Amino acid sequence: MRRLRACLGAAAAVGLTAAGTTALVAGHASGAASALDNRWYAAAPYLMPLDNDPPDPGTIMDATGLKAFQLAFVLAPNGGGCSPTWGGTAPVSSDTAVQSVINTIRGKGGDVSVSIGGYGGTKLGQACSDAAATAAAYQQVITKYGLHAIDFDLEEPEYENTAAIKNEIGAAKILQQNNPGLYVSVTTAGTADGTGWFGKQMLLEAKSQGFTPNNFSIMPFDGGFNGAASQTSALTNFNSILQSTFGWDQATAYAHEGFSGMNGRSDTGEIFSQADFQTVLDYATGHNMDRFTFWSLNRDRQCSPPDNGGRTSGTCSSVAQNSWDFAKYSVKFAGATPPSTTPTPTPTPTSCKTAWSSGSVYTAGDEVSYNKHNWKAKWWTQNETPAATDWGPWQDEGAC
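Here the structure is a predicted model, which means the values were calculated and not measured. (Residues numbered from 1 in each chain as written. Predicted model: local features only at pLDDT ≥ 70, side-chain atom pairs only at ≥ 80, totals over all residues. Heavy atoms only, no water.)

**A few points about the packing of aromatic side chains**
Evaluation of the coordinates by the stated rule reveals 20 aromatic pairs. With 5.8 Å between their ring centres and 55 degrees between their planes, Tyr46 and Trp295 make a pair best called tilted. One end of the pair, Tyr46, is in strand β1 (residues 46-47); the other, Trp295, is in strand β12 (residues 291-295), with 249 residues separating them in the sequence. We classify Tyr46 as buried; its relative accessible area is 2%. Aromatic rings pair up to connect Phe259, Phe277, Phe292, Phe294, Phe326, Tyr329 and Phe333 into one cluster. Above the ring of Phe333, the side-chain terminus of Arg39 is found at 3.7 Å from the ring centroid. (Phe/Tyr/Trp six-rings, centres within 6.5 Å; stacked < 30°, edge-to-face > 60°. Helix = DSSP H or I, 4+ residues; strand = E, 2+ residues; numbered from the N terminus. Buried < 20%, exposed > 50% of the residue type's maximum accessible area, 1.4 Å probe, protein only. Lys NZ or Arg CZ within 6 Å of the ring centre and 35° of its normal.)

Now the structure itself:
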């Protein structure tokens, strides 16, 4: 992810010219704050500041002691071009909304990293002509927000594009050289074996370009994982991949390895509890790993009504929890002690509606109960059993 020196040497100056931009030591950029210890950037959970019902970061900071946030995601414009936007729609150059979020965080003694890429949208590595042009686009983000840390989230479908990955890794190397002190993480998909073929090709590209970030992190979820034991096994296997790719010993590989999890119910229905997070945290700290983070703070709260694992949401975890419980594991990884809180009483279960009947006709808005869940009809339906599917006529309103 990120690092420092007092002045730029000749090689860095050449890189700046190639990137077509003016680099700034992060602490001197407009709107910058003093850098936090790198452990905080390594512990920063992801936050979507413009989507998925963004929570107030100040509230999270007060409740947990968290100081760093990983803001997601910077992409290429949806309409095409090689300039940075938030989510493909909001140009970084004219942004005030995300800047306001950053100001709130910095005003309370915290800081942010920015994540580029992610799963959806067009990535700048795909849209820009080469590594220098890609770096120039990202430099606008670093300069605009005075960043001390940046995350390259390289996953499907971008990491299947050889040219795009070459641009991204090349850009990461240029930014690392031109912004002394910048903490740089590279995040990619996780598999039971550590990472898949495309992840391994990305590592080989980094090796061929002579690029070493602060860490390479894997995301061990959405791949048939089953709790913490499967995740720590993947981290062990990924460590072996790092050793064989870069010629590192085990300790050096762990010092450049990171974990990026998903709290609660994953996209594919896996469940990761707080106990799982504690187990992985113990593994990460016990092996002196460089990063422990998760997707996402927008999801770090209990669904209302409580969902009990029945669906995956971008705005809640689908598991029983108090708000911001998962963020406290990041705080622990950073070396701080979260403030103690009084557990929230278990909410009274929602009462069940009239039972669904196969012979009845239901129209939009009608509510029924089935299999101890309440359901609301999206449109006219008869003899269609309530089930949690995006294309079906029923919307799951939670357990009753």
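Now that the structure has been shown, the text picks up again.
**What to know about the nonpolar core**
Grouped together as the largest cluster of nonpolar side chains are 92 residues, with contacts concentrated most on Phe69, Phe152, Phe216 and Phe292. Looking at which element gives the most residues to this core, the answer is helix α9 (residues 228-246), with 7 residues. Those residues in contact with Phe216, other than ones at most four positions away along the chain, are Val186, Met202, Leu203, Ala206, Phe238, Leu242, Phe246, Trp248, His256, Glu257 and Gly258. (Core = buried A, V, L, I, M, F, W, Y, C linked by side-chain atoms within 4.5 Å. Contact = heavy atoms within 4.5 Å.)

**Looking at the pairing of strand β6 (residues 149-153)**
Within β6, 5 of the 5 residues are buried, which leaves it mostly tucked inside the rest of the structure. Note that strand β5 (residues 111-117) and β6 share 4 bridges and pair parallel. What sits directly across from Gly117, in β6, is Asp153. Alignment of β6 against strand β7 (residues 183-189), held across 5 bridges, turns out to be parallel. The residue of β7 that forms the bridge with Phe152 is Val186. This β-α-β element, β6 to helix α7 (residues 162-178) to β7, shows right-handed connectivity. (Pairing = 2+ DSSP bridges. Right-handed = clockwise from strand over helix to strand, strands pointing away.)

**With respect to the pattern of salt bridges**
Under the definition given, this model contains 6 salt bridges. A salt bridge links Asp62 to Lys108, with the nearest nitrogen and oxygen atoms 2.9 Å apart. Here Lys108 lies in the loop between α4 (97-107) and β5 and Asp62 lies in helix α3 (residues 57-64), a separation of 46 residues in the sequence. The exposed category is assigned to Asp62, whose relative accessible area is 54%. Classification of Lys108 as partly exposed rests on a relative accessible area of 40%. (Salt bridge = Lys/Arg side-chain N within 4 Å of Asp/Glu carboxyl O.)

**Comments concerning the side chain of Gln231**
Mapped onto the fold, Gln231 is located in helix α9. Residue Gln231 is classed as buried on the basis of its relative accessible area of 1%. Once residues within four sequence positions are removed from consideration, Gln231 is found in contact with Pro220, Phe225, Phe259, Phe272 and Val280.

**Points about the sheet that holds strand β15 (residues 373-377)**
Pairing between the strands of a sheet is mediated by backbone hydrogen bonds and can be parallel or antiparallel. Taken together, 3 strands build an open sheet; the order of strands is β14-β15-β17 and the sheet is antiparallel. Each of the sheet's edge strands pairs with one partner strand only, and the pair in question is β14 (367-370) and β17 (394-399). Pairs of neighbouring strands in the sheet enclose a mean axial angle of 30 degrees, with direction left out of account. Bridge count for β14 against β15 is 4 bridges, and the pairing is antiparallel. Counterpart to Ser369 in the pairing with β15 is Asn374. (Axes fitted to C-alpha atoms, helices over the stretch in contact; angles between N-to-C directions.)

**A look at the packing of α7 against helix α8 (residues 197-209)**
Direction vectors running N to C along α7 and α8 enclose 45 degrees, while the axes themselves pass 10 Å from each other. Compared by their axis directions, α7 and α8 come out oblique. For the pair α7 and α8, the crossing hand works out as right-handed. The residues of α8 that touch α7, namely those facing Ile165, Lys166, Ile169, Gly170 and Lys173, are Met202, Glu205, Ala206 and Gln209. Grouping the amino acids of the contact of α7 with α8 by side-chain chemistry returns 4 nonpolar, 2 polar and 3 charged. (Parallel < 35°, antiparallel > 145°, perpendicular 65-115°, else oblique. Left-handed = near helix turned anticlockwise from the far one by under 90°. Nonpolar A, V, L, I, M, F, W, Y, C, P; charged D, E, K, R; others polar.)

**Considerations on the layout of surface pockets**
Taken as a whole, the largest pocket encloses approximately 720 Å³ of empty space. Together, 31 residues line the largest pocket, and Gly118, Tyr119, Glu155, Asp222 and Asp267 are the ones closest to its centre. Among the elements that make up the lining of the largest pocket, the one with the highest residue count is strand β2 (residues 68-75) (3 residues). Residue classes in the lining of the largest pocket are distributed as 15 nonpolar, 10 polar and 6 charged. (1 Å grid on protein atoms, 1.4 Å probe; cavity = no way out; pocket = protein on both sides within 12 Å on 5 of 7 lines; lining within 4 Å. Points joined across faces, edges and corners; volume = space filled by probe spheres on them.)

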